[in-house]
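As a plain string of letters, each chain reads:
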Amino acid sequence: MNFENAAAFIWKNGRLLERRLFELFFLNGSANRVVDALKAYQNEDGGFGHALEPDVRAPESQPLFIEFGLRTLYEANIKEPELAGQLCKYVENNADLQAGIPTITASSSNYPRAAHWNYPSSDQPSFSRLTGLVGLLNWQGIHNPWLEQAVGICLNDISSSHYEDSHTIITAFCLLESLPQTVEVNKLFAKLSDELFKANYFCLEAPPQSYGLTPLDFAPASDSYCRRIFSDAVIDAHLNVLESEQAQDGGWKIQWEPPSEMARLEWRAYKTLKSLITLKSYNRI
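Residues numbered from 1 in each chain as written. Predicted model: local features only at pLDDT ≥ 70, side-chain atom pairs only at ≥ 80, totals over all residues. Heavy atoms only, no water.

Asks: Go over the overall build of the protein chain with me, naming the residues and quoting the values.
Replies: The helix and strand tally for the protein chain stands at 12 helices and zero strands. The globule rule puts the C-alpha radius of gyration for 285 residues at 19 Å, and the 18 Å found for the protein chain is close to it. Seen along its three principal axes, the alpha-carbon backbone of the protein chain occupies a region of about 50 × 40 × 35 Å. Within the protein chain, the fraction of its 285 residues that count as buried is 53%. (Helix = DSSP H or I, 4+ residues; strand = E, 2+ residues; numbered from the N terminus. Rg over C-alpha atoms; globule rule 2.2 N^0.38 Å. Buried < 20%, exposed > 50% of the residue type's maximum accessible area, 1.4 Å probe, protein only.)

Asks: Please give an account of the environment of Glu4 that cites residues and values.
Replies: If you trace the backbone, Glu4 turns up in helix α1 (residues 3–13). Taking relative accessible area as the criterion, Glu4 reaches 56% and is therefore assigned exposed. The spacing of Glu4 and Gly250 is 246 residues in sequence and 8.1 Å in space, taken between C-alpha atoms.

Asks: Just give me the short version of the packing of helix α6 (residues 127–139) against helix α7 (residues 145–160), but keep the residues and values in it.
Replies: At a minimum axis distance of 9 Å, the contact between α6 and α7 shows a crossing angle of 130°. Classed by the angle they form, the pair α6 and α7 counts as oblique. When you trace α6 past α7, the crossing you get is left-handed. Contacts between α6 and α7 involve Phe127, Leu130, Thr131, Val134, Leu137 and Asn138 from the former and Trp146, Leu147, Ala150, Val151, Ile153, Cys154, Asp157 and Ile158 from the latter. (Axes fitted to C-alpha atoms, helices over the stretch in contact; angles between N-to-C directions. Parallel < 35°, antiparallel > 145°, perpendicular 65-115°, else oblique. Left-handed = near helix turned anticlockwise from the far one by under 90°. Contact = heavy atoms within 4.5 Å.)

Asks: I'd love a proper account of the packing of aromatic side chains, names of residues and values included.
Replies: The final tally for this structure, using the stated rule, is 17 aromatic pairs. Ring centres 6.1 Å apart and planes at 25° place the aromatic pair Phe3 and Phe22 in the stacked group. Of this pair, Phe3 sits in helix α1 while Phe22 sits in helix α2 (residues 16–26); the two residues are 19 residues apart in sequence, bridging distant segments of the chain. Taking relative accessible area as the criterion, Phe22 reaches 2% and is therefore assigned buried. Between Phe68 and Trp267, the aromatic rings sit 6.1 Å apart at their centres with planes inclined by 70°, giving edge-to-face as the arrangement. Of this pair, Phe68 sits in helix α4 (residues 63–75) while Trp267 sits in helix α12 (residues 261–281), placing them 199 residues apart in sequence. Per residue, the accessibility class of Phe68 equals that of Trp267, and both read buried. Members of the aromatic cluster, each reached through a chain of ring pairs, are Phe173, Phe189, Phe197, Phe202, Phe218, Tyr225 and Phe230. (Phe/Tyr/Trp six-rings, centres within 6.5 Å; stacked < 30°, edge-to-face > 60°.)

Asks: Account for the pattern of salt bridges, naming residues and giving values.
Replies: Applying the stated criterion across every chain yields a total of 14 salt bridges. Here Arg20 and Glu23 are joined by a salt bridge, their closest N and O atoms 3.2 Å apart. Placement of both Arg20 and Glu23 in helix α2 is noted, with a separation of three residues, approximately one turn of the helix. Two residues, Glu67 and Arg129, come together in a salt bridge whose shortest N-O distance is 2.9 Å. Taken together, the residues span a long stretch of sequence, with Glu67 in helix α4 and Arg129 in helix α6 at a distance of 62 residues. Owing to a relative accessible area of 10%, Glu67 belongs among the buried residues under this scheme. Salt bridges sharing partners connect three or more residues here, namely Arg71, Glu75 and Lys274. (Salt bridge = Lys/Arg side-chain N within 4 Å of Asp/Glu carboxyl O.)

Asks: How would you sum up the nonpolar core? Please name residues and give values.
Replies: Val91, Leu130, Val134, Trp146, Phe173, Leu176 and Phe218 are the most contacted members of the largest nonpolar core, which totals 87 residues. For Leu176, the contacting residues outside a window of four places in its chain are Leu155, Ile158, Gln181, Val185, Leu188, Phe189, Leu192 and Tyr225. (Core = buried A, V, L, I, M, F, W, Y, C linked by side-chain atoms within 4.5 Å.)

Asks: A description of the state of the cysteines should follow, citing residues and the corresponding values.
Replies: Tallied over the full model, the rule gives zero disulfides. A disulfide-free cysteine, Cys88 has its sulfur positioned 11 Å from the sulfur of Cys154, the nearest such atom. Residue class for Cys88 comes out buried when judged on its relative accessible area of 0%. With no disulfide of its own, Cys174 lies 7.9 Å from the sulfur of Cys226, the closest cysteine sulfur. (Disulfide = S-S within 2.5 Å.)

Asks: Which residues make up unusual backbone geometry, and what values go with them?
Replies: Of note, the bond from Ala206 into Pro207 is cis; its omega dihedral lies within 30 degrees of zero at 0°. Of note, Pro207 is situated in the loop between α9 (183–196) and α10 (215–218). We note that Asn77 has phi near 60°; this positive angle belongs to a residue other than glycine. Residue position: Asn77 is located in the loop between α4 and α5 (81–94).

Next up, the structure:
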C-alpha cells in the first residue's frame, strides 16, 4: 500500500469535505473546518442537501444525507450540538414515530441518482432508517423531548423486530452505542450480533465474493464499538484484503454504479480516505 499515492488521489479527486477530513486525521487539521465543510451542504430547513451522499444528486434535504453527515461526525469523533440540534428538528418534522422516515424523498427522482435508488420502497417510510438517525443524533448528546421519545420507540423496535439487512443492523448499533451500557443494552447488542452473521449483504469471508458490508465496516477502528464481535483473525484477513485493493492510480474502487463519473470520483476519494483511516487505526500505516 502506497500512502503518498492514496493521499494524492484524495487531493486530486476529493471534495472539500474529504480533504478537510484527511487534514484532520493525518495533518493535525481542525475539527471546526470539517464542520464548516459539512455546513455548506445545509439547507434552510436544517437538513443536508446538495448530493452530500454522492449517489443522489438532489439539492433538497434528504434523510439519507443527514445520516451521511451525522456518520461523518461520528466517525471523526466530532460532537457539534448546535448543528445536531438543527438536524434533529428536520428529522422530527419529517418522521413518523409509528412508521419511520423515508430514505430519500419522492422529489429526488427529479435529479440524477444511482439506479439502486430507483426502487419504489426508497421513498417509503423506513423504521430502520429512523433508528440509525436517532442513534447518531443521540450520540451527539443533544437534549430534545422528541428525541428522548424516539429513542425508546426505536429500542423497542430493535428488541421486537428481526433485522435481516446488514445496512439496518449497522445503524441500530449506533443507537446502542449512544446509550449507557446497561444489561438490557448488552442483550440487544448480543441479539444484533447474532442477526448480523445471518444478515443479507454481510460478507464475513475475506475477500468478499459479492457486494456487502464487511467486518471493517462495523469495526473501522481498533477501538470501534463493534470490534469485539470479530476475532483478530477475521479482522487481520480483511485488513490484508483492504491493503491489496489499492488501484494503480492510488485510490480504492467502488463496487456499484454511481450516477456519473463525478460521483464515482467523489465516492472513490471517500473510500480511499476511509481505507487510510482504518489502516492507520490498526497500525498498518
